[in-house]
Amino acid sequence: MINVALLGNPNVGKTTLYNLLTGSNQYVGNWPGVTVDKKEGFLLENIKIVDLPGIYAMDTFSNEEKVSKQFLEEGDVDLILNIVDASNLNRNLYLTTQLKQFNKPIILALNMIDVCENKGIVIDYDKLSKELDVEVIPIIAGKNVGVDKVKERLREGNFTKPLNHRKFDFSSEKEAYKFIENVLKSCMTIRDNLQESITEKLDKFVLHPVLAYPIFLLLMALMFQLTFSWVGQPISDFLDDLLNNNIIPTAHQLLSNSSDWFSSLIVDGIISGVGGIIVLLPIILVLFICITILEDSGYMARVAFMMDKLMRKMGLSGKAFIPMIIGFGCTVPAIMTARTLESEKDRKLTALLVPFMSCNARLPVYTVFAAVFFESHRGLVVSSLYLLGVLVAFLLGILFKNTYFKKDEEPFIIEIPEYKMPKISSIYKQTLDKASGFLQKAATIIFAMSVVVWFLSNFNLHGMVNQVDDSILASIGNVLAPVFKPLGFGNWQSAVSLLSGLLAKESVLASMQVIFAGDLSVILPIHFTNISAYAFLVFILLYTPCISTIGTMQKEYGSKLTLFSIFFQLIVAWIASFLVFNLGGFLYNLVHLFLKANSLFF
């Protein structure tokens, strides 16, 4: 067996090369003792590729660096395949100089040579190979150019160890960079009179100290407009109409000869509960596609750079903004992404704040309530919730920075990639994964919750009931309801729905579909006013996330921080909803009195 360790800085095309080398022969687990992904794949039965985490150095500040160093020291490594960004060798080769110290054969895959050519960079590959005492293979992983040469070389085997590895044992980082500078002077030239690249032209606006922020807000507004006005919402409305006016009546008709309880279970429980969630899939996918395009184009890395100064006020680096952005998709991978942050303080603080970013699972609840209570301004209402989550996280970050996490700040290092056109295949694959994950949740958790809620809302200890107010569910809800009365939604239906949301946030809406067993656009206004509806959405935004997130938090940071997170978020959600409902009601009454007095006066 030939064991190949694949290493490189973040965002240099390592994952792309790994996928091209291994195809579908991949396995993902965790390294022993840490929650860093362990990816292994095979080029052939006897050639195993181990994809080590993306790192900038071997300084062992992060779990990723510790894992990589330990694997090279203790693992049975026959070859190091070091992929670097050929257009940024000055930084990338620092890791290469550290890899040389392990005295292993190295193949240096020079990626993005097309970007080099566009920048006017000319590299003498033979001279670079001689200076570094490694094999050099130029590639363009994104276009699958040169990858066949890498595969051919791996199949050949017979890797030779470096001859002059001792000279790479530098006493300081400064000395290593001085060596790299001398190497590049001898084997790299840059043509003069080059035209300004597209990236340089765009960055004059995108990273402009004044224009950068309006551009960011404009892109976010466009994303929400696509989601809630132009594409996602219209498709969702069509599916909702199909469900309520065609599928449900047909199901009722087909089950007309069956028993009442069975018909109610299938139609009011399963079809209404699960179907009410599935019709919102277009909205979620449109939002996710927009975020994926922004990530793949290289824009999100620039957003992290822009936000560094702001994030520092919270005691975090701009790099922590990336898990925050991922949190808009799902909190679980966002908390897992926090692993890449350099310090334990940054990782824990980010994990505490990420749940306040509004994940996709909350979106179905926002969508229905906004359509019912704020039809003319639903895009504005939903976007305000997203912004409120960011604002709450920012304020709490400042609080934590000056109390519990009062420690030295860490340096900010992030790769700013070239702009590139997002690949349709990549967007399709990620969207398909998201859709399948959503549908899987609908087919399991939400299905199970719909059945449980239906049973609890149709039975009590004496059997099946005719009125939902006499059910087990109502009894549970009546115990919890007083807690939410000061927030404006002290009915038992809301309390039970929020309880089910701890399993999955989509279950809040699924539970309401089952409990009310009717058209929510007609029923919800009976139980909510506009102000209490918005207070309810604020609570949904801020309260304890789903059980999957809690499990991930416990796995990553232990029980103590997880329990603190659960109760802390509940308290924050209650206070915020209380303020929204009571201050909102006060302002409404004040404006109403002013208008009334004004009309009497005139």
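Residues numbered from 1 in each chain as written. Predicted model: local features only at pLDDT ≥ 70, side-chain atom pairs only at ≥ 80, totals over all residues. Heavy atoms only, no water.

As recorded by an unreviewed UniProt entry, the protein carries the name Ferrous iron transport protein B and is attributed to Clostridium beijerinckii. As stated in UniProt under Function (unreviewed entry), the record for the protein gives "Probable transporter of a GTP-driven Fe(2+) uptake system." Of the comments in the UniProt record for the protein, the one headed Sequence similarities (unreviewed entry) reads "Belongs to the TRAFAC class TrmE-Era-EngA-EngB-Septin-like GTPase superfamily. FeoB GTPase (TC 9.A.8) family." (UniProt positions renumbered as here; feature names shortened; annotations may be inferred.)

*Asks:* Explain the nonpolar core to me, using residue names and the numbers behind them.
*Replies:* Of all hydrophobic cores here, the largest spans 105 residues; its most connected members are F369 and F536. It is helix α25 (residues 530-542) that contributes the most residues to this core, 10 residues altogether. When we break this core down by domain, the ones giving at least three residues each are domain 2 (213-407 + 424-457) and domain 3 (462-591). Sequence-distant contacts of F536, defined by excluding residues within four places in its chain, comprise V365, F369, F489, S494, L498, V508, M512 and F528. (Core = buried A, V, L, I, M, F, W, Y, C linked by side-chain atoms within 4.5 Å. Buried < 20%, exposed > 50% of the residue type's maximum accessible area, 1.4 Å probe, protein only. Helix = DSSP H or I, 4+ residues; strand = E, 2+ residues; numbered from the N terminus. Domains from an automatic or database assignment. Contact = heavy atoms within 4.5 Å.)

*Asks:* Describe the pairing of strand β4 (residues 47-51), with residues and values.
*Replies:* The buried fraction of β4 amounts to 5 of the 5 residues, a majority that puts the element mostly inside the structure. Burial along β4 is two-sided: the face carrying I47, I49 and D51 and the face carrying K48 and V50 are both buried. In terms of strand pairing, strand β3 (residues 37-44) meets β4 through 5 bridges, oriented antiparallel. Its bridge partner lying in β4, F42 is registered against K48. Between the antiparallel neighbours β3 and β4 lie 2 residues. (Pairing = 2+ DSSP bridges.)

*Asks:* How would you summarise the side chain of Q233 if you had to cite specific residues and measurements?
*Replies:* Its place among the elements puts Q233 in helix α10 (residues 232-254). Overall, the relative accessible area of 3% leaves Q233 in the buried class. Sequence-distant contacts of Q233, that is, excluding residues within four places in its chain, are made with T227, F228, I283, T367 and R378.

*Asks:* Quick one: what's the story with helix α5 (residues 125-132), residue by residue and with numbers?
*Replies:* Here α5 starts with a cap whose side-chain oxygen sits 3.3 Å from the backbone nitrogen of D126, and that cap is D124. Positive backbone phi, approximately 60 degrees, marks D133, located one or two places after α5. (Polar contact = N/O pair within 3.5 Å; in protein donor to acceptor, adjacent residues only side chain to side chain.)

*Asks:* Describe the UniProt feature "binding site: Mg(2+) 2" (unreviewed entry) in the protein, naming the residues involved and giving the relevant values.
*Replies:* On the UniProt side, "binding site: Mg(2+) 2" (unreviewed entry) is annotated at positions that read N19 and G23 here. Locating N19 in the fold gives a position in helix α1 (residues 14-22). Relative to the elements of secondary structure, G23 occurs in the loop between α1 and β2 (26-30). Classification of G23 by relative accessible area gives partly exposed; the value is 39%.

*Asks:* Give me the lowdown on the pattern of salt bridges, citing residues and values where you can.
*Replies:* Within the structure shown, the criterion is met by 11 salt bridges. With a closest N to O distance of 3.1 Å, E418 and K119 form a salt bridge. Taken together, the residues span a long stretch of sequence, with E418 in the loop between α19 (378-401) and α20 (424-458) and K119 in helix α4 (residues 113-119) at a distance of 299 residues. Take E418: its relative accessible area is 25%, and that puts it in the partly exposed class. Overall, the relative accessible area of 31% leaves K119 in the partly exposed class. For R378, the salt bridge is made with D237, and the minimal N-O distance between the two is 3.9 Å. You can see R378 sitting in helix α19 and its partner D237 sitting in helix α10, a full 141 residues away along the chain. Taking the relative accessible area as the measure of exposure, R378 reaches 22% and is therefore partly exposed. Overall, the relative accessible area of 35% leaves D237 in the partly exposed class. Overlapping salt bridges bring together E135, R153 and E156 as one network. (Salt bridge = Lys/Arg side-chain N within 4 Å of Asp/Glu carboxyl O.)

*Asks:* Report on the packing of aromatic side chains, specifying residues and quantitative values.
*Replies:* Per the stated rule, a full pass over the model turns up 25 aromatic pairs. With a centroid separation of 5.4 Å and an interplanar angle of 90 degrees, the aromatic rings of F484 and F539 are classed as edge-to-face. Taken together, the residues span a long stretch of sequence, with F484 in helix α21 (residues 472-484) and F539 in helix α25 at a distance of 55 residues. Comparing F484 with F539, the two get one shared label, buried. Members of the aromatic cluster, connected to one another through ring pairs, are F369, F373, F374, F484, F489, F528, Y534, F536, F539 and Y543. (Phe/Tyr/Trp six-rings, centres within 6.5 Å; stacked < 30°, edge-to-face > 60°.)

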